[in-house]
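Chain by chain, the residues run as shown.
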Amino acid sequence: MTFSRREFLTSTATATAGAALGSVPALAAEAPGHKAALPVVIASSNGIRGVKVAWDRIVAGEDTLDAIIAGVNIQELDPDDQSVGLGGLPNADGVVQLDASCMHGPTRRAGSVGCLEDIATPSLVAKAIMDYTDHIMLVGDDARKFAIQMGFKTQNLLTEKSRQDWLRWKARLNPGDAWLNHDDDVKIKFTTGTINMNAVNAGGDVSSVTTTSGMAWKVPGRVGDSPIIGAGQYCDNTVGAAGSTGRGEANIKVCGAFLAVEQMRMGKSPEQALLHVVERVIAMTEKRLLGDNGRPLFDLDFYAIHKDGRFAGVSCYEGGTFAVCDSAGPRVMTSAYLYKASERPRR
Ligand code: GLY
């Protein structure tokens, strides 16, 4: 069963006073949540194919990080997923720049890559940085050079569909410029979409990975939350893992994945932990990104898994979903949320 944060709060006697925007009320009781027998894999909902691949590999004995990276590779290599890897929507210059990071719980290691061009699987590049260097993060041209040295193949990541979307966006930027609108009737796409995946195996080992093409039409060089360890994903083998999709700028300021894991460490359920994180996000949001009703103008979704098999997805607004796979098979589940869909401000 999924509750909005405020439905939960109004069901408790003590918490309603704290429900005002920007405050972080103390929870009076355990929020409801989900629990699976181990192993379990969760992801953003675009990972519905990947969670099954990862789960099968974990059951076959593969390491949790290798398994979830194989899971997210499906989206990275899918030209139709315009939020990740090959076919991702490009930056303002029409160049696809990718971010990714990963963490391996049992060995307490992390790897990250930012602003990577021409290589479709930044999750694997992040893991190569973790496996083959004394560093955690490489960016830009030098990250690309490193990947080539590690044997990754380069390719043009801008698909024809994404190039057409970019041209449309560019043509409509300024009615006075020399770029003509060629198809006003086609909606301009925008995404901060991403894939995050987290897993716990039967022995309680945990891993996490997040990979993205970032915010569509971003300023070249922009890095979002996905490659920031502690924001886009985080795992601690003694607790669990968390990650996010959506507006990275909002998440970076609260180190959302780290905060979620720390909240679980302090005893909150995954759902309680993520609701706390989303509240912190809203409390830290600048006014220009809030509607007149104080609700955010953006989407941000979080996913968390506890090493005991409890898991949750939480969104700013009603309507969010996430993917999970356990022995019952892969399925999409409804996320808990902070605000009703009807509260979403018109832009
Ligand atoms: N969460 C993906 C991004 O903002 O880049």
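For the structure, see preceding data.
Bear in mind the structure is a predicted one, so any value in this text is a computation, not a measurement.

S.K.: So what exactly am I meant to see when it comes to the sheet that holds strand β6 (residues 195-200) here?
M.R.: The strands making up a sheet associate through hydrogen bonds between their backbones, and the pairing can be parallel or antiparallel. Strand order in this open sheet of eight strands is β5-β4-β3-β7-β6-β2-β12-β13, and the pairing throughout is mixed. The open sheet is flanked by β5 (137-139) and β13 (329-334), the only strands paired with a single partner. Averaged over all adjacent pairs, the angle separating strand axes in this sheet is 10°, with direction ignored. The pairing of strand β3 (residues 98-104) with strand β4 (residues 109-116) spans six bridges and is classified as antiparallel. What sits directly across from H104, in β4, is R109. Sitting on the sheet, helix α3 (residues 64-76) is in contact with β2 (40-44), β3, β6 and β7 (206-212), with an inclination near 20° to β7. Each of β3, β4, β5 and β7 is contacted by helix α4 (residues 122-132), which is oriented at about 130° to β4, the strand it contacts most.

S.K.: Looking at this model, I keep getting lost on the site of the ligand. Mind explaining?
M.R.: Among the 11 residues in the neighbourhood of the ligand, the closest are listed as T194, R222, D225, G246 and G248. The contact in question runs from an oxygen atom of the ligand to an N or O atom on the side chain of R222, over 2.7 Å. Protein coverage of the free-state accessible area of the ligand, which is 200 Å², stands at 100%. Across the shell around the ligand, the residue classes tally to one nonpolar, eight polar and two charged.

S.K.: Any chance you could explain the nonpolar core here in plain terms?
M.R.: Among the nonpolar cores identified, the biggest contains 44 residues, and V281 and F311 are the most heavily contacted of them. Setting aside its immediate chain neighbours within four residues, V281 contacts A250, V254, F298, L300 and F302. With 33 residues, the next largest nonpolar core counts A100, M197, A323 and C325 among its residues.

S.K.: Quick question: what am I supposed to make of the pairing of β6 here?
M.R.: The side chains of a regular strand alternate between both faces of the sheet. With six of six residues buried, β6 is to be regarded as a mostly interior element. The side-chain alternation of β6 yields two buried faces, one formed by I195, M197 and A199 and the other by N196, N198 and V200. Taken together, the four bridges between β2 and β6 define a ladder with antiparallel strand orientation. Note that in β6 the partner of V41 across the bridge is A199. Of the pairings in the sheet, the one linking β6 to β7 comprises six bridges and is antiparallel in character. For N198, the partnering residue across the bridge sits in β7 and is S208.

Calculation notes
Residues numbered from 1 in each chain as written. Predicted model: local features only at pLDDT ≥ 70, side-chain atom pairs only at ≥ 80, totals over all residues. Heavy atoms only, no water. Pairing = 2+ DSSP bridges. Helix = DSSP H or I, 4+ residues; strand = E, 2+ residues; numbered from the N terminus. Axes fitted to C-alpha atoms, helices over the stretch in contact; angles between N-to-C directions. Contact = heavy atoms within 4.5 Å. Near = heavy atom within 4 Å. Polar contact = N/O pair within 3.5 Å; in protein donor to acceptor, adjacent residues only side chain to side chain. Areas by Shrake-Rupley, 256 points an atom, 1.4 Å probe, with all protein chains shown as cover. Nonpolar A, V, L, I, M, F, W, Y, C, P; charged D, E, K, R; others polar. Core = buried A, V, L, I, M, F, W, Y, C linked by side-chain atoms within 4.5 Å. Buried < 20%, exposed > 50% of the residue type's maximum accessible area, 1.4 Å probe, protein only.

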